[in-house]
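Notes for the structure review
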Amino acid sequence: MPKLKLSGVSKAYGATVALRRGDLEIESGEVHVLIGSNGSGKSTLCKIVAGSVRPDSGEVLLDGKPVAVSGPQASRALGIGIFYQELSLAAHRTVAENICLPDMPVSAGVFVDKVTLEERAARYVRLFEDVAGEGFSADAPVNSLRADQRQLVEIMKALASEAPVLIFDEPTSALDRAQVDRFFEILRDLKKEARAMVFISHRMDEIFAIGDRVTVIRDGETVGTSRIAETDPAAVVRLMVGEQDELAPQTPEPEQARTTTREVLLSVSGLSGPGFVNIGFEVARGEILGFGGLHGQGQSSVLRAIFGAGLVSAGEIMLKGERLAARTPRDAIRRGVAYVSGDRGRDGVIQGRPIIENVTPIHYLRNRLTIARPSALRDKALRALEALHTKFATLSHPINSLSGGNQQKVVIARWLIDRPDILLLDDPTKGIDLSAKADLFALIRKLAEEGMGIVLYSSEDAELLNNADRILVFNGGSVTRELTGADRTRYNLYHAAYEAA
Amino acid sequence: MSGNMLLEMVRKPLVVAIALIVVLLFLGEALSPGFASVQQILRLLIVAALLGIVAAGQNLVILGGREGIDLSVGGVVSLSAIVAGNLMSGMDSGIPLAILACVATGAFFGLLNGLGVTLLRIPPLVMTLGMLGVLQGLLVVIRQGIPSGRAAPALSEFVTRPFLLGLPGIIWLWIAIGLVMAFILHRTVFGHRIYAIGSNEQAAYMAGVPVKRVRIALFMLSGIFAAIAGICLLGYSGSSFANVGEQYMLPSIIAVVFGGTPLAGGKGGYTGTMAGAVLLVILQSILTTVNIDESGRQMVFGATLLVLMLFYGRGRAMRA
């Protein structure tokens, strides 16, 4: 009998189905790997087990008995311990306090039992002795630690639950080699104690080093479970890709010739900064260059760095043959660089203000205007909005009155009044509807045809495969593979994204 | 049902403010006949203009968001009144220099506030409160030994005597400031940028708005408006005495919030603030009429701000 079993669980957020049919069986004494591409539903599955998301249908069985996981506390009471990918530490408390936070030892009913707390914490701190690095101790406050050390605290916290079922959602993303090895040793010991463990990672080498079985999830559905010993990375990738692969719809072939003969607009060499190392590429006039790979492998940081909104520690950016060292977005905009963020609520939309004010700021800046005359700009604004088939009542309606997709269209339209040379798209379709996406990509292709250079990072692989002339696959902060022409397949994309960096 | 109607009303702060003004005028007239006479209303408008000019700067700083607030306005008003009084010493010939010096003083302290808030990242509340302390200390130092000075006759006339269509110059000045504010906020790129940084600073930054420069300019304008109010206040009272400006801090904030600009910034405007200033002055006058002393008035003002927060303080939720 499996220790934990999920059968046919589903979850929809409004019209978006996050999980269609999730099945998962975990035995005692195994490390069970869960893998799937961006947005395939892994995290939703984990959240259901953790109790932070209630499934719409399906069953969760623990030791063969159906259980209702009504919240994080309930899951802990049931004996399920979870490592959270989003760090959930109390920044100003010590390592020891954080480790014991979910279950504080208490004396006389109210006082924290310091002695017990320190003893218990020491047990877990000792596990990572001599790999934790400088400055790591039980009494160090968490905010004084490095990212990898904080991740270790998070692991210790999960281990301290001493739960029979442990779930690790990307526990190794910030760890170095030695720390990962130690963590795996600990997992092997836990296997001997017959604990059931779920391990989520995007690193094939790690998956094959520690996993016993692997379950692949694709588009919200569990597509198969195999024993690690009986499979290989290529087979796992094929499961993740599914039937839909084969060639990307080909854009007309002359593109190849065109990119080699056309003027280079943007040239980046040796660019390094927080989250990316030694990035180099060129974008020609009329080209759509794709950035692919898993989330957070440096794609976004590179785009923001070029736009002057992120740090650069080394390297050079040339725009039309001249050095572009934008210290602020303002510099970059003046030089003809545009940037559209996928996080429109944070980086794009000026909430509560009329649509016209959301469309005009770039025009004012590039033309150094001081007097705002919305009536004189009406036609230009309307034309820009029309290019994207934006639906709105009047230009003076607040932008909040629009749907998410139309809000993003307004944000993009602000770049269309005065055309930039380079358009940087940072996962621009996140959370917008299908028809808005179609409008957006039609426009992007048109802009490229008219001579704009475009860099497109998308977390949706289909968008990249359908629209990019070339794809650079990011892995661990650098470009590990370039896909051109017929190589632009989902299989190749996944393969490059999931292999060890 | 009545809850919905109340909400609907609260959404139009200008309507509420004007309705309350009318109600208070009737109330005042009932309590003390002659309260709403033309002469009396004119006097109230002069006092409201003084408050309204201070509130113009306060309004700009609050619109710019990120907990923008200027607690130092009262100190700048006092300092400006003293500087102007000493430079004029009762002579018209001293007026141009006095205006120049006061505006420069206001701009200087506003600049310090702006630099502290943007470059040193000190929260505006703390920065301007600290600046208020500095200004109060400075006032004590200046007033030792030096006579406090007198207003030039022309200045007093400008503030208190009818100038055009029966209205004194200061009312016309206030109307002009109202028009200039409306022009700045709605017809200049700078104005649009104020709203942009007030409603989403990060998005404004990504759209090329020089966020720090705009914010520094807002604090400087606040200092300049407070300085202008200080000069006018000197004209109103004839001579400057210590801490005349102190009474402006809280009311200037209340006038802004009453006028429909939430403390979170990003929306609202100056027209409502002008109505808010008139409303507050009438309220103050009624409290005086019914013999509530200064401490009582302060309590009423404090309570008014807190009640207003209850209705208008929810602007923040939208930004989440």
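Residues numbered from 1 in each chain as written. Chains lettered and ligands numbered in written order. Predicted model: local features only at pLDDT ≥ 70, side-chain atom pairs only at ≥ 80, totals over all residues. Heavy atoms only, no water.

So, the overall build of chain A
On a plain count of helices and strands, chain A comes out with 19 helices and 22 strands. Relative to its length of 501 residues, chain A is compact, with a C-alpha radius of gyration of 25 Å against a globular reference of 23 Å. When the backbone C-alpha atoms are referred to their principal axes, chain A occupies close to 75 × 50 × 45 Å. Taken across its 501 residues, chain A has 55% of its residues classed as buried. Of the contacts formed within chain A by residues at least 6 apart in sequence, a portion of 68% connects residues at least 24 apart. Accessible area for chain A stands at about 21000 Å²; split by element, carbon and sulfur atoms hold 50% of it. Side-chain charges of chain A comprise 60 positive and 65 negative groups, with the mean position of each set lying 6 Å from the other. (Helix = DSSP H or I, 4+ residues; strand = E, 2+ residues; numbered from the N terminus. Rg over C-alpha atoms; globule rule 2.2 N^0.38 Å. Buried < 20%, exposed > 50% of the residue type's maximum accessible area, 1.4 Å probe, protein only. Contact = heavy atoms within 4.5 Å. Areas by Shrake-Rupley, 256 points an atom, 1.4 Å probe, with all protein chains shown as cover. Lys, Arg positive; Asp, Glu negative; His and termini not counted. Charge placed at Lys NZ, Arg CZ, Asp CG, Glu CD.)

Looking at the packing of helix α3 (residues 38–63) of chain B against helix α12 (residues 249–258) of chain B
All names here are of chain B. Contact pair α3 / α12: the axes reach a minimum separation of 8 Å and the direction vectors enclose 65 degrees. Accordingly, the angle class assigned to the pair α3 and α12 is roughly perpendicular. The chirality of how α3 crosses α12 is right-handed. Of α12, the residues touching α3 (which contributes L51, V54, A55, Q58, N59 and I62) are M249, P251, S252, I253, A255 and V256. Of the residues contributing to the contact of α3 with α12, the split by class is 9 nonpolar, 3 polar and no charged. (Axes fitted to C-alpha atoms, helices over the stretch in contact; angles between N-to-C directions. Parallel < 35°, antiparallel > 145°, perpendicular 65-115°, else oblique. Left-handed = near helix turned anticlockwise from the far one by under 90°. Nonpolar A, V, L, I, M, F, W, Y, C, P; charged D, E, K, R; others polar.)

What about the interface of chain B and chain A?
Facing the 23 residues of chain B at the interface are 32 residues of chain A. Interface area for chain B against chain A, summed over the two sides, is near 2100 Å², with a carbon-plus-sulfur share of 58%. By the criterion of area lost to chain A, the three top residues of chain B are V189, H192 and M206 of chain B, representing 28% of everything that side buries. Linking chain B with chain A are 0 salt bridges. Counting the contacts that link chain B with chain A gives 10 residue pairs in polar contact (both at pLDDT 80 or more). Where the side of chain B that touches chain A is concerned, the elements lending two or more residues are α8 (169–187), α9 (189–199) and α10 (201–206) of chain B. When residues in the side of chain B that touches chain A are grouped by element, the largest group, 7 residues, is from α9 of chain B. (Buried area = accessible area lost by both parts, 1.4 Å probe. Salt bridge = Lys/Arg side-chain N within 4 Å of Asp/Glu carboxyl O. Polar contact = N/O pair within 3.5 Å; in protein donor to acceptor, adjacent residues only side chain to side chain.)

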